[in-house]
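Architecture and fold: a report
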Amino acid sequence: IQHDCVSVFVKPHYIEPARKALKDTHIKVVSVIGFPHGGVTTATKMYETQDLYQRGADELALVINIGAVRDHDDLAVKNDIQGVIKTARGKPMTVILEMPLLNDEEKARACKLAQAAGAPTLMTATGFASHNTGTAADVRLIRATCPNLKIRAAGGIRTQKDALALIEAGAAWVVLNDIEKTLSE
């Protein structure tokens, strides 16, 4: 609240407490579905979508089915995203690509599939992967592959310098794990 954030990302269990804590603010509550690897069924993701919006989420972020991307099961990836977006009924939805777990060909293909499925916004990572996340190279790859989509850079962004580099690369938003530490450096 004190840093005038656009939104906070919370696990599904914390949607209601977050709504209560932020009730007199403009800060949006965002939660995630299909976490952490997007491998649950589309039906499960559709249920999560309905449930989490009913619990008070302002926006959801869908983890792309990483296994299906790696298996080149493009129709399954596209249908999964389309099914969830349709279930959201026009409410805000972001597709998380979890780019640290994909090679460049998979990243570009995932971007195109998400765009073809109707995703308005792509996010680089959940921050769950333990290695390098939220890179400027990934933001540039998304921008080059799908220039009309909004980009959220996320995962492992620890310094103001890193955050500014991601914005310079084309990210519309930067998701920080420790805003206090990042802003105080």
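Let us look at the structure shown here.

About the thresholds
- Residues numbered from 1 in each chain as written.
- Predicted model: local features only at pLDDT ≥ 70, side-chain atom pairs only at ≥ 80, totals over all residues.
- Heavy atoms only, no water.
- Helix = DSSP H or I, 4+ residues; strand = E, 2+ residues; numbered from the N terminus.
- Rg over C-alpha atoms; globule rule 2.2 N^0.38 Å.
- Buried < 20%, exposed > 50% of the residue type's maximum accessible area, 1.4 Å probe, protein only.
- Contact = heavy atoms within 4.5 Å.
- Areas by Shrake-Rupley, 256 points an atom, 1.4 Å probe, with all protein chains shown as cover.
- Lys, Arg positive; Asp, Glu negative; His and termini not counted.
- Charge placed at Lys NZ, Arg CZ, Asp CG, Glu CD.
- Pairing = 2+ DSSP bridges.
- Right-handed = clockwise from strand over helix to strand, strands pointing away.
- Phe/Tyr/Trp six-rings, centres within 6.5 Å; stacked < 30°, edge-to-face > 60°.
- Lys NZ or Arg CZ within 6 Å of the ring centre and 35° of its normal.
- Salt bridge = Lys/Arg side-chain N within 4 Å of Asp/Glu carboxyl O.

**Quick notes on the overall build of the chain**
Each helix and strand counted, the chain has eight helices and seven strands in total. By the compact-globule yardstick of 16 Å for 185 residues, the chain fits well, its C-alpha radius of gyration being 16 Å. If one aligns the C-alpha atoms of the chain with their principal axes, the spans along those axes are about 45 × 35 × 30 Å. Counting over 185 residues, the chain shows a buried share of 46%. Long-range pairs, those at least 24 residues apart, make up 65% of the contacts in the chain between residues at least 6 apart in sequence. Total accessible area on the chain is roughly 9500 Å²; 52% of this is exposed by carbon and sulfur atoms. Distance between charge centroids for the chain: 4 Å, based on 22 positive and 21 negative side chains.

**Points about the pairing of strand β2 (residues 28-33)**
With five of six residues buried, β2 lies mostly within the body of the structure. As judged from the four bridges shared by strand β1 (residues 7-10) and β2, these two strands associate in the parallel manner. Across the sheet, the residue bridging to phenylalanine 9 is valine 30, located in β2. Viewed along the sheet, the connection from β1 through helix α1 (residues 15-21) into β2 turns out right-handed. Sheet analysis places β2 next to strand β3 (residues 59-63), joined by four bridges and oriented parallel. The residue bridging isoleucine 33 from the neighbouring strand is leucine 62, located in β3. Traced from β2 through helix α2 (residues 42-54) to β3, the parallel crossover comes out right-handed.

**A closer look at the packing of aromatic side chains**
As enumerated under the stated definition, the model contains zero aromatic pairs in all. The lysine or arginine in question, arginine 152, covers the ring of tryptophan 173, its NZ or CZ lying 4.8 Å from the ring centre.

**Examining the pattern of salt bridges**
The final tally for this structure, using the stated rule, is nine salt bridges. Two residues, arginine 109 and aspartate 74, come together in a salt bridge whose shortest N-O distance is 2.7 Å. Highlighted residues: arginine 109 in helix α5 (residues 104-116) and aspartate 74 in helix α4 (residues 74-88), separated in sequence by 35 residues. Since its relative accessible area comes to 11%, arginine 109 is described here as buried. On the accessibility criterion, aspartate 74 (24% relative accessible area) is partly exposed. The partner of glutamate 105 in a salt bridge is arginine 109, with the nearest N and O atoms 2.7 Å apart. Note that glutamate 105 and arginine 109 are positioned in helix α5 at a spacing of four residues, about one turn of the helix.

**Brief notes about unusual backbone geometry**
With an omega of 10 degrees, the peptide bond between phenylalanine 35 and proline 36 qualifies as cis. Along the chain, proline 36 falls in the loop between β2 and α2. Residue histidine 72 is not a glycine yet carries a positive backbone phi of 60 degrees. Inspection of the secondary structure puts histidine 72 in the loop between α3 (66-70) and α4. According to the relative accessible area criterion, histidine 72 is partly exposed, its value standing at 47%. One non-glycine residue, glutamate 98, lies in positive phi territory at about 50 degrees. Among the secondary structure elements, glutamate 98 is positioned in the loop between β4 (93-96) and α5.

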